[in-house]
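Here's the letter readout for the chains.
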Amino acid sequence: MDCREYQESVWGSYGGREMSLKEITINNVLGLVGESGEVADLAKKEFYLGRDIQRADYVEELGDVLWHLTCLGMAHSISLEEIMESNLEKLKVRYPNGTP
């Protein structure tokens with residue numbers, strides 16, 4: 001699956017399309033924060049509590065982060081491709097010798 005197919009699938013399944021841009025934005029920003037917290041919680045459990053966290057656990061939570069990111073981008077007419085390209089360009093300028 002490529003980025004465009006993923007975006008179309010996510011946006012097609014997003015039940016909040018009837019909301020205002022403000023509502024969609026707030027819903028997905030809060031979703032991003034919540035799901036990012038779940039990723040952080042996995043790392044805490046793995047590295048500080050010594051629990052056996054599986055790769056599949058990260059895949060699941062990172063997928064939820066990606067879902068909210070995709071919805072937020074789509075609501076603002078920003079593709080995943082544009083986000084990725086812009087991010088890499090920013091990092092090339094900030095860290096010309098590679099990220100620390």
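Residues numbered from 1 in each chain as written. Predicted model: local features only at pLDDT ≥ 70, side-chain atom pairs only at ≥ 80, totals over all residues. Heavy atoms only, no water.

Notes on helix α2 (residues 21-47)
Filter applied, for reference: Strands here are runs of E lasting at least two residues and helices are runs of H or I lasting at least four, both read from the DSSP assignment and numbered beginning at the N terminus. Multiplying 1.5 Å by the helix residue count minus one yields the expected span of that helix. Partly exposed residues are those whose accessible area sits between 20% and 50% of the maximum for their type, while under 20% is buried and over 50% is exposed, using a 1.4 Å probe and protein chains only. Working rule for contacts: check all heavy atoms of both residues, and any pair within 4.5 Å makes them a contact.
Taking 1.5 Å per residue, 27 residues should reach 39 Å; α2 reaches 39 Å between its end C-alpha atoms and fits that length. Those residues of α2 lying buried are I24, N28, G31, L32, E35, V39 and L42. On its buried face, α2 is in contact with α1 (3-13) and α3 (55-75).

With respect to unusual backbone geometry
Its identity as a non-glycine residue notwithstanding, S77 has a phi of 55°, on the positive side. When you line up the elements, S77 lands in the loop between α3 and α4 (80-94).

Brief notes about a negative patch on the surface
What counts here: Exposure above 30% relative accessible area and the lack of any salt bridge qualify a residue for a patch; like charges then connect within 9 Å, and the nonpolar side chains Val, Leu, Ile, Met, Phe, Trp and Tyr within 5 Å. Only the protein chains shown count as cover for residues, and all accessible areas are computed by the Shrake-Rupley method using a 1.4 Å probe. Whenever a carboxyl oxygen of Asp or Glu lies within 4 Å of a side-chain nitrogen of Lys or Arg, that contact is scored as a salt bridge. In summary, the charge assignment counts Lys and Arg as positive and Asp and Glu as negative, without counting His or the chain termini. To locate a charge, take NZ of a lysine, CZ of an arginine, CG of an aspartate or CD of a glutamate.
On the surface, a cluster of negative charge is made up of D2, E5, E8, E81, E82 and E85. Of all the elements, α4 adds the most residues to the negative patch, at 3 residues. Considering the arrangement of structural elements, one finds E82 in helix α4. Residue classification places E82 among the partly exposed positions, given a relative accessible area of 43%.

A few points about the packing of aromatic side chains
Applied cut-off: To pair, rings of Phe, Tyr and Trp, with the six-membered ring standing in for Trp, must have centres within 6.5 Å; the planes then decide the type, stacked if under 30 degrees apart, edge-to-face if over 60, and tilted in the middle.
Under the definition given, this model contains 2 aromatic pairs. By way of ring pairs, the aromatic residues W11, Y14 and W67 are connected into one cluster.

Quick notes on a nonpolar patch on the surface
Together, F47, Y48 and L49 make up an exposed nonpolar region whose accessible area comes to about 440 Å². Relative to the helices and strands, L49 is located in the loop between α2 and α3.

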